[in-house]
Amino acid sequence: MLVRRNRLLFAGLLLWVLPYTITATAFRIEGQQDHWYVAGWLPLHLAAAAGLALLARAAGPRALPAVLGIGLAGLAWAVAATSATVRR
């Protein structure tokens, strides 16, 4: 969806993500994976925010409950997934 709507933004994301990914993979340092995950998730959060903005625009007056519901569902899923992993 982002490729069709805003090619310039998509190109900018690629120009930032690809070099960072290559650098993080090529150089092994302590904590390297932690840094890579942060850089990798930033564009995904941007895409999720763009999707939520599109949903809010389409929902009209029901935008706030729709976005809050999706946010709460995501939070519940994250807590459930983390709880299952921590208990092991």
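The rules behind these values
Residues numbered from 1 in each chain as written. Predicted model: local features only at pLDDT ≥ 70, side-chain atom pairs only at ≥ 80, totals over all residues. Heavy atoms only, no water. Helix = DSSP H or I, 4+ residues; strand = E, 2+ residues; numbered from the N terminus. Buried < 20%, exposed > 50% of the residue type's maximum accessible area, 1.4 Å probe, protein only. Contact = heavy atoms within 4.5 Å. Patch = residues over 30% accessible without salt bridge, like charges linked within 9 Å, V, L, I, M, F, W, Y side chains within 5 Å. Areas by Shrake-Rupley, 256 points an atom, 1.4 Å probe, with all protein chains shown as cover. Salt bridge = Lys/Arg side-chain N within 4 Å of Asp/Glu carboxyl O.

## Description of the overall build of the chain
Here is step 1 of the chain: Scanning the chain from N- to C-terminus turns up four helices and zero strands.
Here is step 2 of the chain: When its helices and strands are written in sequence order, the chain yields α-α-α-α.
Here is step 3 of the chain: Sorting the 88 residues of the chain into buried and exposed places 9% on the buried side.
Here is step 4 of the chain: Sequence-distant contacts, at least 24 apart, represent 30% of the contacts inside the chain between residues at least 6 apart.

## Points about a nonpolar patch on the surface
Here is step 1 of the chain: Nonpolar side chains collect at one region of the surface, where Val-3, Phe-10, Leu-14, Leu-18 and Ile-22 lie side by side and expose about 420 Å² of accessible area between them.
Here is step 2 of the chain: Looking at the nonpolar patch, the element that brings in the most residues is helix H2 (residues 7–26), giving four residues.
Here is step 3 of the chain: Note that Phe-10 resides in helix H2.
Here is step 4 of the chain: Its relative accessible area of 31% is what places Phe-10 among the partly exposed residues.

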